[in-house]
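Structural description and commentary
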Amino acid sequence: QVQLVESGGGLVQAGDSLRLSCAASGRTFSSYAMGWFRQPPGQEREFVSGIGWNGGDTIYADSVNGRFTIPRDNAKKTVYLQMNSLKPEDTGVYYCALARGHFSATYAQAPYDYWGQGTQVTVSS
């Protein structure tokens, strides 16, 4: 069993930076792909970024490409989402997720087996 716990959310102003963390329990963290998703107010959950098991491949939604990065530290069983140049449209609940069946980064939600509880990010204009 894997448990994921996000932290680092908060209220910031447009243009600020924020780093989210996702700490995992269990032995399988370093073997599989991880991802970040978000759910804006009144909208469905959407893909933000993904990373392969060893950090060698990363993918980003067009809306965050060039502003967000997704490093991971397998020794600490933690994946991060570094968010720079934040915009009001980045507001939402951010979730991290783990895909046991995937070694490479993936956009789709279906492959992700485990999800965190979410952390709120609010960007004011």
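The notes below deal with the structure included here. Here the structure is a predicted model, which means the values were calculated and not measured.

Some remarks on the overall build of the chain
Looking only at helices and strands, one finds zero helices and 12 strands in the chain. Sequence-ordered secondary structure for the chain, helices as α and strands as β, is β-β-β-β-β-β-β-β-β-β-β-β. Expected size for 125 residues packed as a compact globule is a radius of gyration near 14 Å; at 13 Å, the chain falls within 12% of this value. Seen through its C-alpha atoms, the chain measures out along the principal axes to roughly 40 × 25 × 25 Å. Burial analysis of the chain (125 residues in total) assigns 46% to the buried set. Pairs at least 24 apart in sequence give 60% of the contacts found in the chain among residues at least 6 apart. Only carbon and sulfur atoms are counted for the fraction: they give 46% of the accessible area of the chain, which is about 6,100 Å². Side-chain charges in the chain split into 10 positive and 10 negative, and the spacing between the mean points of these groups amounts to 9 Å.

Remarks on the packing of aromatic side chains
Working definition: an aromatic ring pair is given by the centre-to-centre distance plus the angle between the planes. Applying the stated criterion across every chain yields a total of six aromatic pairs. Measuring from ring centre to ring centre gives 5.0 Å for Phe37 and Trp115, while their planes differ by 55°; the resulting arrangement is tilted. Taken together, the residues Phe37 in strand S4 (residues 33–39) and Trp115 in strand S11 (residues 114–115) connect sequence positions 78 residues apart. The class for Phe37 is buried, based on a relative accessible area of 0%. An aromatic cluster is defined as three or more aromatic residues linked by ring pairs; in this entry it consists of Phe37, Phe47, Tyr107, Tyr112 and Trp115.

Cut-offs and rules
Within each chain, residues carry numbers counting from 1 in the order of the written sequence. The model is predicted, so local features are restricted to residues of pLDDT at least 70 and side-chain atom pairs to those at 80 or more, both for listing and for counting; the totals for chains, interfaces and linings are taken over all residues. Heavy atoms from the whole structure form the basis of all side-chain values; hydrogens and water molecules are not counted. Starting at the N terminus, helices and strands are each numbered in turn, a helix being any DSSP run of H or I of at least four residues and a strand any DSSP run of E of at least two. Using C-alpha atoms as the atom set, the radius of gyration is obtained and then compared with a globule rule of 2.2 Å times the number of residues to the power 0.38. Summary of the burial criterion: residues with accessible area below 20% of their type's maximum are buried, those above 50% are exposed, and those between are partly exposed, where the area comes from a 1.4 Å probe applied to protein chains only. Contact criterion: two residues are considered in contact whenever any of their non-hydrogen atoms come within 4.5 Å of each other. Note on areas: Shrake-Rupley, 1.4 Å probe, and residue coverage restricted to the protein chains presented here. A positive count includes Lys and Arg, and a negative count includes Asp and Glu. His and the chain ends are not counted in either. Just so you know, the charge point we use is NZ for Lys, CZ for Arg, CG for Asp and CD for Glu. Pairing of aromatic side chains here covers Phe, Tyr and the six-membered ring of Trp, requires ring centres within 6.5 Å, and sorts the geometry by plane angle: under 30 degrees stacked, over 60 edge-to-face, intermediate tilted.

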